[in-house]
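Letter by letter, the chains look like this.
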Amino acid sequence: HPEDILIEKKSWNAFFQTSLEMDLRKLGTTEIVLAGISTSRAVESTARTANELGYNLIFATDAMIDKVKDAHENSIKNIFPRIGELGTVMEITKKIADLSKE
């Protein structure tokens, strides 16, 4: 869609040398749902920065994967619960739908 924001990443971290933070601030965004292909690299790196920037984080755990199973599990079990909430895509979308009804 024309109003969609496209970010071309240059590193693991989606905030590094991109306009992502500026774009999110312009929109008044306070919460981010994260998912991705490399849980222990790209998702975790982006999540750490987002956390430091003060965003509330939700991790869509069934929408992530990593080449290294142990690294993936470490991020989900030990890192992400410290900095955000975890849920499946279905749980997250249900919660958003429920909130929009209020």
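Report on the accompanying structure.

Analysis parameters
Residues numbered from 1 in each chain as written. Predicted model: local features only at pLDDT ≥ 70, side-chain atom pairs only at ≥ 80, totals over all residues. Heavy atoms only, no water. Helix = DSSP H or I, 4+ residues; strand = E, 2+ residues; numbered from the N terminus. Rg over C-alpha atoms; globule rule 2.2 N^0.38 Å. Contact = heavy atoms within 4.5 Å. Areas by Shrake-Rupley, 256 points an atom, 1.4 Å probe, with all protein chains shown as cover. Lys, Arg positive; Asp, Glu negative; His and termini not counted. Charge placed at Lys NZ, Arg CZ, Asp CG, Glu CD. Pairing = 2+ DSSP bridges. Right-handed = clockwise from strand over helix to strand, strands pointing away. Axes fitted to C-alpha atoms, helices over the stretch in contact; angles between N-to-C directions. Phe/Tyr/Trp six-rings, centres within 6.5 Å; stacked < 30°, edge-to-face > 60°. Buried < 20%, exposed > 50% of the residue type's maximum accessible area, 1.4 Å probe, protein only.

## Re the overall build of the chain
Point 1. Check the secondary structure of the chain and you find four helices and three strands.
Point 2. When the helices and strands of the chain are placed in sequence order, the string is α-β-α-β-α-β-α.
Point 3. On C-alpha atoms alone, the chain measures out to a radius of gyration of 14 Å, which is about the 13 Å that the 2.2 N^0.38 rule sets for 102 residues.
Point 4. Here the C-alpha coordinates of the chain stretch approximately 35 × 35 × 25 Å along the principal axes.
Point 5. If you take every contact in the chain between residues at least 6 apart in sequence, the share linking residues at least 24 apart comes to 69%.
Point 6. Split by element, the accessible area of the chain, about 7,100 Å² in all, is 55% carbon and sulfur.
Point 7. Distance from the positive charge centre (13 side chains) to the negative charge centre (16 side chains) of the chain: 4 Å.

## A word on the pairing of strand S2 (residues 56-64)
Each regular strand shows side chains that alternate between the opposite faces of the sheet.
Point 1. Inspection of the sheet shows strand S1 (residues 31-36) paired to S2 by five bridges, in the parallel sense. Bridge pairing in S2 places Ile32 opposite Leu57.
Point 2. Each parallel crossover has a hand, and the one from S1 via helix H2 (residues 39-52) to S2 is right-handed.
Point 3. Where S2 and strand S3 (residues 85-87) come together, three bridges link them in parallel fashion. Paired with Ala60 across the two strands is Gly87, which belongs to S3.
Point 4. In this region the chain leaves S2, passes through helix H3 (residues 69-83) and returns to the parallel neighbour S3; the handedness of that crossover is right-handed.

## A closer look at the sheet that holds S1
Point 1. Across the sheet, three strands lie side by side as S1-S2-S3; this open sheet has parallel pairing. Sheet topology places S1 and S3 at the edges, where each strand pairs with a single neighbour. Strand-to-strand twist of the sheet, defined as the mean angle between neighbouring strand axes without regard to direction, takes the value 25°.
Point 2. Packing against the sheet, H2 makes contact with S1 and S2, and its axis sits at approximately 170° to S2.

## A short note on the packing of aromatic side chains
Point 1. Under the counting rule described, the total for this entry stands at two aromatic pairs.
Point 2. When the ring of Phe15 is compared with that of Tyr55, the centres are 6.1 Å apart and the planes differ by 25°; the resulting orientation is stacked. With Phe15 in the segment before helix H1 (20-27) and Tyr55 in the loop between H2 and S2, this pair connects stretches of sequence that are 40 residues apart. A single burial state applies to Phe15 and to Tyr55, both of which are buried.
Point 3. Ring centres of Phe59 and Phe80 lie 4.0 Å apart, and the angle between their planes is 5°; this geometry places the pair in the stacked category. You can see Phe59 sitting in strand S2 and its partner Phe80 sitting in helix H3, a full 21 residues away along the chain.
Point 4. With relative accessibility at 0%, the residue Phe80 sits in the buried group.

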